[in-house]
Amino acid sequence: MLVVKELTKRFEDRVAVDALAFEVRGGEVLGLVGPNGAGKTTTLRCIAGILAPDAGAIEIDGVDLARNPLAAKRKLALVPDEPHLFARLSVWEHLELAARLYDVSGWEPLARDLIEELELAPRRDTLAEALSRGMRQKVAVASALIHAPGLLMLDEPLVGLDPRGIRTLFGTLRRHAGAGRAVVMSSHLLGQIEPHCTRFLILREGAKLFHGSKAEIAAELPAMRHDASLEEIFFGATEAEASAQR
Amino acid sequence: MSHPLVWLWWRDSRNVAASLLARLRQPRGALAVAGLVLFCAAVGYTTQTSPGFARNVNVYGAPSVMALVMLGAFSPLGLYFRPADVDWLLTAPLTRAGLVVYNIALRARTAFLSGLFLSLLPTWRGAGWWQAFTGYTLVFLLLQISGQWLAVVRAWFALHLAAVARWAVALAFTVLPVAAVLIELHARTDLGFRDFFRESLALAVIGAPARPFLATAAAPTALAWLAAAGGSLAILFALIAHICVLDVPYREAAIRHSERRALRFARMRSGGGAFGASRSTVRRIPMFPYLAGAGPVAWRQIQELVRNPRGVLLLLSIIGLVSGASILIPLVRGGDPELTVRMGRTGIFLVTFLPLLMGDNLACDFRRDLDRMGQLKSWPIRSLALATGQIAPAAAFATTVQVIGVIVLTATTSAITRGVALLIIGLMPVVSWVALCIDNLLFLWMPYRTVPEDPGDVAFVGRTFATALFKFTVLTTILGATLTIGGAALRFTGSPVAAVGVPLACLLGACVYGTAAVASAFRRYDIARHAPV
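What comes next concerns the included structure. (Residues numbered from 1 in each chain as written. Chains lettered and ligands numbered in written order. Predicted model: local features only at pLDDT ≥ 70, side-chain atom pairs only at ≥ 80, totals over all residues. Heavy atoms only, no water.)

1. A few points about unusual backbone geometry
Residues and elements named next belong to chain B. Filter applied, for reference: Helix and strand labels come from DSSP, where a helix needs a run of H or I of at least four residues and a strand needs a run of E of at least two; each type is numbered from the N terminus. Throughout this description, buried means an accessible area under 20% of the type-specific maximum (1.4 Å probe, protein chains only), exposed means over 50%, and partly exposed covers the range between.
With a phi angle near 50 degrees, Leu291 is a residue other than glycine that sits in the positive phi range. Inspection of the secondary structure assignment puts Leu291 in the loop between helix H12 (250-269) and helix H13 (294-307). Look at Ala292: it is not a glycine, yet its phi comes out positive at around 60 degrees. As for its placement among the helices and strands, Ala292 is situated in the loop between H12 and H13. Using a relative accessible area of 51% as the deciding quantity, one classes Ala292 as exposed.

Okay, structure coming up:
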């Protein structure tokens, strides 16, 4: 579903993403983890077509993002870390906007299901400016799902959600991936995403440290138990790399 | 423009209008409208016999508009997309041309409202309302679109030209026109100020692109209006087409601007100014005496102002520019004494009023603490002392700027006598205090953020207009009343001391009453209901 080849992105003299290469297949939920400044958000923005890479290529469901950006964008959705909504559009109008942007016909039944599922129904006609952070996050997720994207990317989606909201979101993502679509999710809440991701991509300073299932990554790390938690693997991976650099 | 963007623009505009109407139905909104209507009626009535701006638009209009266009080259907002636009539209399958046109259409709403507002003022009307409305709307569109165009061109230069070449272009763009005008100003001392504007070749060339726009506003016949409006639209379409074709990575610029703006909001929420973060903790001023709590409150405001003085420096540079122009223009014109006095008086008027009208740039009072009102309310300080501590630093700073400006201009131009200068200097602290009371009262009654959500924020522009007009009217009334009272005191007593003392006492009374009103408004401020989004 997603193929990233030697993706490089620089901001003036700083390399934010350094020759990153990975693939995400349909039905897979990839956890994108790394310390602050590792290049997670920049990677997601490059894949979403917001930032132009300095080198490398991105293919979404076989469509080259650089050559055919409009066709590629129709197959993806990005839920950003800070969900900015149009202050004076209602919850329902955001779903309508998303449907129009991606040219989805007969979207209303799905929209009704999504706002029920994400517990937005009582706020259906509320303007975005009156919504809490968590509610805005849910609106952004619902709108991203309205065109059933082949690739759904979420940048820190758990921030601002209450425990019930987190459980609902993971249920929605599981169903989405279960339908053969790919999900990429970045988060610092390692314990929360661990049970829901099938594979992980650990980044540090824009470069790939490890990519694979938890067991595969643990096997690559010396002295790491095969049943180690994601948090143990994360610290093992990032600190081993830091020690090697020192 | 692709269909979803038309839908979004329309739905957004409709909801903005509905939201504004809903606010107008509330007592505060109705009060604001009543004030605006009263102001327009007062301007219309008092200037009905004056030729006003309409007669001067052909003389001064085009160079002034082009000066504003050139200033737009320094604005970083040309490529700005709202954060929601970045998240929703830049990731969606939309064409670049569609996004550019949408962005311009979003800002066109403010142009439309500004044009409508100016056309309602009788003195700004030339041949008729329709011509004025369309003409001024087109002028505002020119300012917005040219700002975007210049930003895109600047970004294109950054990609394709070396730094030396970019500097050369920037110098040619700014220095050459100014030098041409100065040289011609020096050579044509035979012409009066107005005649110079009418006959100057340099100004004719500089103002040429803006002429069709102003000709639309003053078109005497339908045919002339059609020709001028057609020419203006052709220029606008050419600029838009050029923006669409130039190969510039506008998406990254949009994200950068959005992030900077988000940081700016965050800074303001945490008590910083609108002009960048302070990095210095060195410039520490000594703590003031307690003074019922007003001392520490004032100390905090001044300490933050000292550590982050960019807003102050901006205001000072504007005052410097006004003073410099008032002194230099008569010198370039051969030291004409009449012009020196006229320019000096204009300069004094501006340096006394500008600090009062540009208060949002300082905002070292309640306006800075919008997101900390709860904290202020939790302090064990009486509201009157708190209001005093909040207003005093801004009043002191405004007064300092005004006094420096008046002293410099009086000394260099002799535009007013020393006695009048002393009178102005004596009255300035209290006038500034009253002006800041008005600012803070308006803010506490109808709280707003001192930076707009985006350049197309219609409500922000409308509020800024209405607030400035209201403040100007109240200040003019207060100053008029002060002078009348002073004149009456002089006539009845014949004593210059009474002529100064009586109005000063009245103004001091206004200060006390104003501060008490601000304190009362602060007590009534409800953080759960009044804090804006």
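2. Brief notes about the sheet that holds strand S7 (residues 151-155) of chain A
Residues and elements named next belong to chain A. Which entries qualify depends on this criterion: Paired strands are those between which DSSP finds at least two bridges. Fitted lines through C-alpha atoms give the axes, limited to the stretch in contact for helices. The angle between two N-to-C directions lies from 0 to 180 degrees. We call two residues contacting when some pair of their heavy atoms lies within 4.5 Å.
Taken in spatial order, the six strands of this open sheet run S6-S7-S8-S3-S9-S10, and their pairing is mixed. Each edge of the open sheet carries a strand with a single partner, namely strand S6 (76-79) and strand S10 (207-212). When the angles between neighbouring strand axes are averaged without regard to direction, this sheet yields 15 degrees. When strand S3 (residues 29-33) meets strand S8 (residues 182-186), the two strands line up parallel, connected through four bridges. Each bridged residue has a counterpart across the sheet, and for Gly31 the counterpart in S8 is Met185. Running over the sheet, helix H1 (residues 40-47) touches S3, S6, S7, S8 and strand S9 (199-204) and is turned about 150 degrees from S7. Sheet strands in contact with helix H5 (residues 133-145) are S6 and S7, and its direction is about 175 degrees off that of S6.

3. Description of the pairing of S9 of chain A
All names here are of chain A. Most of S9 sits inside the fold, with six of its six residues counted as buried. By the bridge criterion, four bridges tie S3 to S9 in an arrangement that is parallel. Within S9, the residue paired with Val33 across the bridge is Ile202. As paired strands, S9 and S10 are joined by five bridges and run antiparallel to one another. Its bridge partner lying in S10, Leu203 is registered against Lys208.

4. Description of the interface of chain A and chain B
We apply this condition: Accessible area that two parts lose when put together, with a 1.4 Å probe and added across both, is what the buried area reports. The working definition used for a salt bridge is a side-chain nitrogen of Lys or Arg within 4 Å of a carboxyl oxygen of Asp or Glu. Throughout this description, a polar contact denotes any pair of N or O atoms lying within 3.5 Å of each other; where both atoms belong to protein, one of them has to be capable of donating a hydrogen while the other can accept it, and for residues adjacent in sequence the pair is counted only when both atoms sit in side chains.
If you look at the interface, chain A gives 31 residues, while chain B gives 31 residues. A combined buried area of about 2,800 Å² lies between chain A and chain B, and 64% of that area is made up of carbon and sulfur atoms. For the pair chain A and chain B, the number of links is three salt bridges. Note that Arg11 of chain B and Glu96 of chain A form a salt bridge whose closest N and O atoms lie 4.0 Å from each other. At the junction of chain A with chain B, the criterion picks out eight residue pairs in polar contact (both at pLDDT 80 or more). Among the secondary structure elements, those contributing two or more residues to the side of chain A that touches chain B are strand S1 (2-11), helix H2 (69-73) and helix H3 (91-101) of chain A.

5. So, helix H14 (residues 310-332) of chain B
Owing to its 3.6 residues per turn, the α-helix aligns residues three or four sequence positions apart on the same side. Rules: The span one expects for a helix is its residue count, reduced by one, times 1.5 Å.
End to end, H14 of chain B covers 31 Å across 23 residues, agreeing with the expected 33 Å (1.5 Å per residue, within 8%). Where H14 of chain B is concerned, the buried positions are Gly311, Val312, Leu315, Ile319, Val322, Ser323, Ser326 and Pro330 of chain B.

6. A few points about the packing of aromatic side chains
Two measures describe an aromatic ring pair: the distance that separates the ring centres and the angle between the ring planes. For clarity, the cut-off: Here a pair means two rings of Phe, Tyr or Trp (six-membered ring of Trp) with centres within 6.5 Å. Their orientation is stacked below 30 degrees between planes, edge-to-face above 60, and tilted elsewhere. To sit over a ring, a charge needs its Lys NZ or Arg CZ within 6 Å of the ring centre and within 35 degrees of the ring normal.
As enumerated under the stated definition, the model contains ten aromatic pairs over all chains in all. For the ring pair Phe234 of chain A and Phe235 of chain A, a centre distance of 5.5 Å and an interplane angle of 75 degrees mean the geometry is edge-to-face. You can call Phe234 of chain A buried: its relative accessible area is 10%. With centroids separated by 6.3 Å and ring planes inclined at 50 degrees, the aromatic side chains of Trp129 of chain B and Trp130 of chain B adopt a geometry described as tilted. Following the ring pairs from residue to residue traces out a cluster consisting of Phe112, Trp129, Trp130, Phe133 and Trp225 of chain B. Across the ring face of Trp92 of chain A, the terminal group of Arg124 of chain A is positioned such that the distance to the ring centre comes to 4.0 Å.

7. With respect to the pattern of salt bridges
Within this structure, the stated rule accounts for 21 salt bridges over all chains. For Arg11 of chain B, the salt bridge goes to Glu93 of chain A, with nearest N and O atoms at 2.8 Å. You can see Arg11 of chain B sitting in helix H1 (residues 3-24) and its partner Glu93 of chain A sitting in helix H3, one on each of two chains. Owing to a relative accessible area of 15%, Arg11 of chain B belongs among the buried residues under this scheme. Among the salt bridges present, the one from Asp12 of chain B reaches Arg109 of chain B, with a minimum N-O distance of 3.2 Å. You can see Asp12 of chain B sitting in helix H1 and its partner Arg109 of chain B sitting in helix H5 (residues 96-120), a full 97 residues away along the chain.

8. Some points on H1 of chain A
Residue and element names in this part refer to chain A. Where burial is concerned, most of H1 is hidden: six out of the eight residues are buried. Listed as buried for H1 are Lys40, Thr42, Thr43, Leu44, Cys46 and Ile47. Among the residues trailing H1, Gly49 stands out with phi positive, at a value near 85 degrees.

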